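As a plain string of letters, each chain reads:
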Amino acid sequence: MVTTSQLLARALGLLLCAQICSGTGELRLVDGGSRCAGRVEVKHEGQWGTVCSYNFMWDVHGAAVICRQLGCGTVARASLYTAFGAGAGRIWLQPFFCRGTETALHNCPHYGWGQHFCGHNWDIGVTCSDAVELRLVNGGGPCAGRVEVKLRGQWGTVADHEWDVEDAEVVCQQLGCGSAKSAYDWTRFGKGSGPIHLAVVDCHGNESALWDCAIKGWGSYNGTHGQDVGVACQGFVQLAGGNGTCSGRVEVRQGRSWATLCEAHMDLNAAHVICKELGCGAALAVTGAARFGAGAGPIWDGGFECAGNESLLSACNRRLPHGQGCTHANDAGVVCSPYTGFRLANGSTACTGRVELEVRGTWGSLCDAGWDVPDAQVLCHHLRCGSATSVPRGGYFGTGSGPLWRDTFHCSGTESHLGECPATVLGIPACSPGRAAAVNCSGGAEPLRLVDGESRCDGRLEVALHGAWGRVLEQQWDASGASVVCRQLRCGVAQKAYTAPILGPGSSPVGLSGLRCMGTEARLAQCNTTLPSTTPAGRAEEAAVVCSGSRRVRLASGPGRCAGRVEVYVRGAWSRICEDAWDLSDAAVVCRQLGCGMALAAPSSAQYGQGSGPLWLGAGGCSGAEATLWECPAPAPAPAPGQSGCKQGTGAAVICSELTDLRLVGDSSCTGRLEVFYNGTWGSVCANGTSPATAAVVCRQLGCGAGGRLHSAPTTSQGSGPAWLAWVHCGPGTESLWHCLSAPWHLQPCDSLGDAHVTCDREPGDTRGTPMPATATGCPDGAACTGAPRSSVAGAEAMPVPTILCIVLGTLLCLALGALATQAWCALARQRGPGRAADAISEAVYEELDYTLTPEYQEVPSGSGSPSEGSATKLPYYTSDSVEASSPGTAPDTPALPRHDPPDGYDDAAAMLDPGEAAAPGPSDGGVSKVEELGGSRPSQSPLEPPGDTIDAPASAPRDAGYDDVGVSSPSMLL
């Protein structure tokens, strides 16, 4: 008979041999679709062989060693039961109890090369994080849609009939989309096609990746897609304080709140990424807090280094903070174009045709009702088609097949992009069929341009050479050269010739230097120039110009673009206007120039502040009939030295009739009657013809959540003001109420439905439904940090030295106490005599056995609901992942059932069998996993399960702390 000491000596010998004989075999993963997933194989003595292990010896720590050794990231799943098929030939290793810190798999404890006690049916597999991808599809953007996972090179869905916001939170954080807004079933984003890769996912919400959650079923499974899941994320970035989702103050998700960004940390590349993530067009400008107001709450520490081609801001690298700390007075804003594309269709050339716009992925023709020459000039220059030669009648180039957009632009003609022009939609009359806008452009793109200015008529000069844009150095740059540039660009006369510092190595290459013009040339090519190959030493300035065509006017610090303090862009700077000679006639010119209707008032600086910046004395004295402010009488005389020249103030202001605003009048600012401000008066919106989606648009615009409900109120409870609008139709995804279609603005009575009322999902400042953010990501809120270390598998960190000392000392103390107890027992036995000592030992043994096997009454619900009595203990709940059921006589106390599992006594297998058909006995009879509910039962084949495949245990330590391996043959007992 082999004694315990002999078994221990033999095991120690094998361990010693394993360490002495361990080789340096190569490692690979096969049959998994990539180098980072598959069955584990090692190469020893020139031959490849598999690796097998029992489930109680193999877990995520061993899999972490393999993923790290292959450079494949962290563990997504540690598999047993031949998940990637059984191998053939040699079994080289049987590792056990890896710590997770080993540098190679053969450094884990094992029984020696070629020594094993398991067969190919126990071959292990690993799926590393670099082999798994995650995406959201069919949701209109990267942060909403049906959840899909890529395994073995193929995309598949995730099925779960109890998918909740904690599961969705992990998906959103992993994708860099902020926190989860909602978790959906298949009805929101449709059913997928192909395989089902993951089934029954249970997350706590703080996991760093979806595959770190408890997953009952790893596919692929073939079955119906009636339980596919979807997610809508709040997004990592938003634009707040503007009229819609495409303009406003930049805010990023930080924990459970939104944090602003400093203007000094925001550039145009980051703005392009933000606009793209929000589904808007090109980034038009980066502004300061004066445009959209100062934010509140935290300020993001640092910025983002973006190349401009990223799809999400969170994918950009973090920029460390520099300089002085930011305040909310330095909050950054971004203006994006709401239009994602422009083109000319059905013309004889690319520069003639019907005007078409793309709005959030939908192309349509533009109505010609408000189309004019300045609008056409902007479009021709933007399309690099020269200037507008004519604006034909509506429908000249056909009507097209898409929608007919009613957008009315108010361009001055010098904007570089149609999205920069103010546009109105709400209240514009319906467009007659066949009236699509048209334009004929000259067709020749100018070989020069002005960039980084307020319009296409001011900024740094660049020229086109050999298919690329090049800079012009400031050598001999003067007003004569500037005059030629303004003339060629049709931007009026030169107001200022200046030099700008070179932006750096990332800017355009040098195209020209030594530019010498007489000032009378028609084109810049007629001037004398040189073509340097490199930047001359000591030269750090570029040629720049301000043309008179860059003059613009805006209204600042007001509630909208049609009310505020008057500011003019003159000679390359935004300037203020004196109040001294400012009256309603001057205000009327500004309102007409901006396309804002009539002037209602010319308030003093007390209403919108006096502002800052230089003072322009060229305003005042208008008759009211002028088309632009520049046509008014000559500038006033210059002030005396030391005087500002303004007696009353520097904040001349305007309120125009087209100023629009909205509010909800009721119990709170997020619930009540919908009212709009128009023509200087608040009025209601009739419920008749108003679409339900209008409520969601209003709520988003007011900061009252992402959704809301529209309902009507009887005429007896309507407001006291006029009813301005009816038949307001907002579609899903419309960015603001001002971009919705409606009947024209006019006074109208509402029908029996009365005024429209809106109840939003959330009150101001309410954070209900906002889940806690994930905390396990390497960088805050999912941002990618430069040089950030990859987090290792939980539990694989090196154990601290004090912990090791405590374990050693605790072990020694237990041994000492055991020795003292043995001595005391022996002394007692000697006092009682030999016979009594033996009896005492026997009694102690029988008492212990009796204690273990004494029947006890337990309420174990059966199928009929009646309790069973006399069982030794309640059997634990095992899913089909269990290797072998424990003996009833040695079973531990029942562990807590997983959240997704059925209640005690529920027998799904029996319910799935035909009447009269008995369930096959087996170790898994005690319960049924949630995967079976998706389309089948064990041991019957599930529709979600491929033939011959089984569902593996999740890549984490077993939750059942009471696992009993008595029924499994231990290799150490076979020595």
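Computed from a prediction, not measured in an experiment: that's the story for all the values here. (Residues numbered from 1 in each chain as written. Predicted model: local features only at pLDDT ≥ 70, side-chain atom pairs only at ≥ 80, totals over all residues. Heavy atoms only, no water.)

Considering the confidence of the model for the protein
Of all residues in the protein, 73% attain a pLDDT of 70 or more, and the chain-wide mean is 74. Considering only residues more than four positions removed or in separate chains, one finds that residues 12-24, a stretch of pLDDT under 50, has 18 contacts. Predicted confidence for residues 767-798 stays below pLDDT 50, and this span has 77 contacts to residues more than four positions away or in other chains. (pLDDT = per-residue confidence, 0-100. Contact = heavy atoms within 4.5 Å.)

Topic: the state of the cysteines
The tally for this structure, following the rule as stated, stands at 25 disulfides. Disulfide partner of Cys143: Cys177, at an S-S distance of 2.0 Å. Across the S-S bond of Cys143 and Cys177 the torsion is about -75°, and the bridge reads as left-handed. Here Cys143 is found in the loop between β7 (133-141) and β8 (144-151), whereas its partner Cys177 is found in the loop between α3 (165-174) and β10 (180-184), with 34 residues between them in sequence. Accessibility expressed as a relative area gives 0% for Cys177, which makes it buried. (Disulfide = S-S within 2.5 Å. Helix = DSSP H or I, 4+ residues; strand = E, 2+ residues; numbered from the N terminus. Buried < 20%, exposed > 50% of the residue type's maximum accessible area, 1.4 Å probe, protein only.)

Quick look at the nonpolar core
Inside soluble globular proteins, nonpolar side chains tend to come together where they are buried. Membership of the largest hydrophobic core comes to 31 residues, with the highest contact counts inside it found for Ile577, Trp582, Val590, Leu629 and Val654. The set of elements that each furnish at least two residues to this core consists of β36 (552-560), β37 (563-570), α9 (584-594) and β41 (653-656). In terms of residue count, α9 provides more of this core than any other element does, six residues in total. In this structure Leu629 touches Val568, Ile577, Trp582, Asp586, Val589, Val590, Gln593, Trp616, Ala619 and Cys622, once residues within four positions along its chain are discounted. (Core = buried A, V, L, I, M, F, W, Y, C linked by side-chain atoms within 4.5 Å.)

Observations regarding the environment of Gly145
Among the secondary structure elements, Gly145 is positioned in strand β8. Separated by ten residues in sequence, Gly145 and Arg135 have C-alpha atoms that sit 8.4 Å apart. If we skip the residues at most four places from it in the chain, Gly145 touches Leu136, Val137, Asn138, Gly139, Phe189, Gly230 and Val231.

Thoughts on the pattern of salt bridges
All told, the structure shown has 22 salt bridges when counted by the stated rule. Its salt-bridge partner being Arg39, residue Asp31 comes within 3.1 Å of it at the nearest N-O pair. When its relative accessible area of 51% is taken as the criterion, Asp31 is described as exposed. Judged by relative accessible area, Arg39 falls into the buried class, the value being 7%. The closest approach of N and O atoms between Arg343 and Glu356, which form a salt bridge, is 2.7 Å. Of this pair, Arg343 sits in strand β21 (residues 341-345) while Glu356 sits in strand β22 (residues 352-359), and the two are 13 residues apart along the sequence. A relative accessible area of 35% means that Arg343 is categorised as partly exposed. Judged by its relative accessible area of 7%, Glu356 is buried. Connected via shared salt-bridge partners are Arg449, Asp452, Arg460, Glu462, Arg471 and Glu542. (Salt bridge = Lys/Arg side-chain N within 4 Å of Asp/Glu carboxyl O.)

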